[in-house]
Amino acid sequence: PDCFLLAGLLAVVMRHPDPDAFMRKIITANGDATYTVTFHDRNEPTGKAAVRLNTDFYESTVEGRIGHANSGTGTGEENEKWAAVVERAYIKAYGQAGTITEGGSPGVVMERLTGVSGTAFTVAPSAFDDKDVVAAIERAGFKAPKVNLEGLSELHQSGQGVTVGTFDKEEA
């Protein structure tokens with residue numbers, strides 16, 4: 001259920017001019033087997049939400065599989081941990097009971113990572129004409145201008161972080 005989280009995270013990292021510096025800016029290794037991950041959050045008095053994590057969650061498994069994002073090769077090399085650290089911190093900050101049970105918006109994730117507001121676009125004319133979908137997008141805090149796939153491609157080529165998702169009519 002947190003594919004929106006990973007989509008937003010990867011859109012930011014893949015478009016950032018220096019992804020390593022960006023990760024070092026939001027993730028702090030505290031030197032005591034913990035990390036602190038800092039998100040931008042308009043609902044916090046400081047505008048930031050800092051989440052402290054123990055590193056023992058790497059040992060947790062679900063049916064023998066690691067229960068979080070894992071970007072390593074699986075060939076015995078040490079797996080990269082940044083995606084798992086951000087994912088776990090996001091779940092701790094914005095999930096419920098240690099998990100995310102419902103989907104969300106990659107645009108919200110991108111805003112919490114960068115502090116920059118995004119724009120949601122509707123692509124298909126049928127979706128744009130569906131007032132329930134437009135209402136759900138607007139309630140999520142986004143404008144709903146219409147764009148075609150060529151327009152999304154142009155945004156992507158210009159260096160913008162772009163993700164694609166759907167809004168469920170039940171969210172309306």
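Our structure's up above, just so we're on the same page.
Keep in mind it's a predicted model, so treat the numbers as computed, not measured.

Trainee: What exactly am I supposed to notice about the overall build of the protein here?
Mentor: Within the protein one finds seven helices and five strands. Start at the N end of the protein and walk to the C end: the helices and strands fall as α-α-β-β-β-β-β-α-α-α-α-α. Taking the contacts inside the protein whose residues are at least 6 apart along the sequence as the reference set, 55% of them involve residues at least 24 apart. For the protein, the accessible area works out to roughly 10,800 Å², and carbon and sulfur atoms hold 50% of it.

Trainee: Would you mind going over the packing of helix α1 (residues 3-15) against helix α4 (residues 106-114) with me for this structure?
Mentor: Any two packed helices are characterised by the angle at which their axes cross and by the distance between the axes. Contact geometry for α1 and α4: axes closest at 8 Å, N-to-C directions at 50°. On the basis of the axis angle, α1 is oblique to α4. As α1 runs across α4, the sense of the crossing is right-handed. Note on element contacts: α4 touches α1 through P106, V109, M110, L113 and T114, opposite F4, L5, A7, G8, L9, A11 and V12.

Trainee: Looking at this structure, how should I read the nonpolar core?
Mentor: Generally speaking, nonpolar side chains in soluble globular proteins are found buried as a group. Core analysis: the largest hydrophobic core is formed by 25 residues, its most contacted members being M23, I27, F39, V86 and L113. Those elements that place two or more of their residues in this core are α1, α2 (19-26), β2 (34-40), β3 (48-54), α3 (82-94) and α4. Every residue in contact with I27, bar those within four places of it in the chain, is listed here: Y35, T36, V37, W82, V85 and V86.

Trainee: Would you explain the pairing of β2 in this entry?
Mentor: Working note: regular strand, side chains alternate between the two faces of the sheet. The buried fraction of β2 is high, at five of seven residues. In this structure, strand β1 (residues 27-29) lies alongside β2, joined through three bridges in antiparallel fashion. Across the sheet, the residue bridging to A29 is Y35, located in β2. Joining the antiparallel neighbours β1 and β2 is a turn of four residues, in which G31 adopts a positive phi near 80°.

Trainee: Even after reading the chapter, I still don't get the sheet that holds β2, so can you show me in this structure?
Mentor: Two orientations exist for strands paired in a sheet by backbone hydrogen bonds: parallel and antiparallel. Strand order in the open sheet formed by three strands is β1-β2-β3, and the pairing between neighbours is antiparallel. Of all the strands in the sheet, just β1 and β3 have a single pairing partner and so form its edges. Taken pair by pair, the neighbouring strands of this sheet meet at an average axis angle of 20°, ignoring direction. Where β2 and β3 come together, seven bridges link them in antiparallel fashion.

Calculation criteria
Residues numbered from 1 in each chain as written. Predicted model: local features only at pLDDT ≥ 70, side-chain atom pairs only at ≥ 80, totals over all residues. Heavy atoms only, no water. Helix = DSSP H or I, 4+ residues; strand = E, 2+ residues; numbered from the N terminus. Contact = heavy atoms within 4.5 Å. Areas by Shrake-Rupley, 256 points an atom, 1.4 Å probe, with all protein chains shown as cover. Axes fitted to C-alpha atoms, helices over the stretch in contact; angles between N-to-C directions. Parallel < 35°, antiparallel > 145°, perpendicular 65-115°, else oblique. Left-handed = near helix turned anticlockwise from the far one by under 90°. Core = buried A, V, L, I, M, F, W, Y, C linked by side-chain atoms within 4.5 Å. Buried < 20%, exposed > 50% of the residue type's maximum accessible area, 1.4 Å probe, protein only. Pairing = 2+ DSSP bridges.

In short, the description is geometric, and any link to function would need to be established separately.
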